[in-house]
Amino acid sequence: MRRAFTSNKQLTQLARDLGIKNWQQLTQFIQNLPYGRNSNRNDFSLVISESKGTCSSKHALLKAIALENNWEDIHLILGMYKMSEENTPGIGSVLAETPIPFLPEAHCYLMINSVRKDLTSSQADIANIENDLLKEVEILPHQVSEYKIAYHKDYLMDWIEKENIPLSFDDIWELREQCIFNLSQ
């Protein structure tokens, strides 16, 4: 998609200030930034100024710029998937000592013309998790912070209860945090 920017709003202007002129250049730029949490989850501009981002912040920024440019075929998706060593290399050592083969993980990506796109990194490939998706919901950029966390925690609590998982919510959340830490190394 070689759509040129039409907006002069804040986030689009930040991209323009870097010499980025269209959607294709923007997605390549964002995809090549390192994975890492930003200092403020609610400020998507930090993906650019801090030169890093997570699946949430990077895709929220992309969706926000799409909104600024009235590109209505670009949707921000929150997908719950079965995170395991097979589909998320680097977390296996965390799960190896537990009685569970996977953790339900919240992952953000885009849906463009009904096609899933994961632009978290140049190595990201949505095909790695498509068969392990448990649920998808469309969200807005501002929902990648508190809403996403609450949704994820509620999902995990229900999963622990329904599946009789022999670990507490706190144990599960700690395992999840260790997985995320491993991925950022």
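Asker: I'm lost on the packing of aromatic side chains in this one. Help?
Answerer: The description of an aromatic ring pair rests on the distance of the ring centres and on the angle between the ring planes. Considering all chains together, one arrives at five aromatic pairs under this definition. Centre to centre, the rings of Phe 5 and Trp 71 are 6.1 Å apart; their planes meet at 25 degrees, and the pair counts as stacked. Residue Phe 5 is located in the segment before helix H1 (10-17), and its partner Trp 71 is located in the loop between helix H4 (55-68) and strand E1 (74-83); the two are separated by 66 residues in the primary sequence. Take Trp 71: its relative accessible area is 8%, and that puts it in the buried class. For the ring pair Tyr 147 and Tyr 151, a centre distance of 5.9 Å and an interplane angle of 35 degrees mean the geometry is tilted. Remark: Tyr 151 and Tyr 147 occur in helix H7 (residues 146-162); sequence separation between them is four residues, near one turn of the helix. Grouping aromatic residues by their ring pairs yields a cluster made of Phe 5, Trp 23 and Trp 71. Over the ring of Trp 173 we find Lys 153; its NZ or CZ atom is 5.1 Å from the centre of that ring. The positively charged end of Arg 176 is found above the aromatic ring belonging to Trp 173, 4.8 Å away from the centroid.

Asker: What exactly am I supposed to notice about helix H8 (residues 169-184) here?
Answerer: Note on helix geometry: an α-helix contains 3.6 residues per turn, so any two residues three or four positions apart are oriented the same way. Compared with the 22 Å implied by 1.5 Å per residue over 16 residues, the 23 Å span of H8 between its first and last C-alpha is a close match. Within the span of H8, buried status applies to Ile 172, Trp 173, Leu 175, Arg 176, Cys 179 and Ile 180. End-on view of H8: buried residues confined to an arc of 160 degrees, all on one side of the axis. Contact partners of the buried residues in H8: E1, helix H5 (92-95), strand E2 (103-112) and H7.

Definitions and limits used
- Residues numbered from 1 in each chain as written.
- Predicted model: local features only at pLDDT ≥ 70, side-chain atom pairs only at ≥ 80, totals over all residues.
- Heavy atoms only, no water.
- Phe/Tyr/Trp six-rings, centres within 6.5 Å; stacked < 30°, edge-to-face > 60°.
- Helix = DSSP H or I, 4+ residues; strand = E, 2+ residues; numbered from the N terminus.
- Buried < 20%, exposed > 50% of the residue type's maximum accessible area, 1.4 Å probe, protein only.
- Lys NZ or Arg CZ within 6 Å of the ring centre and 35° of its normal.
- Expected span 1.5 Å × (residues − 1).
- Arc of directions from axis to C-beta.
- Contact = heavy atoms within 4.5 Å.

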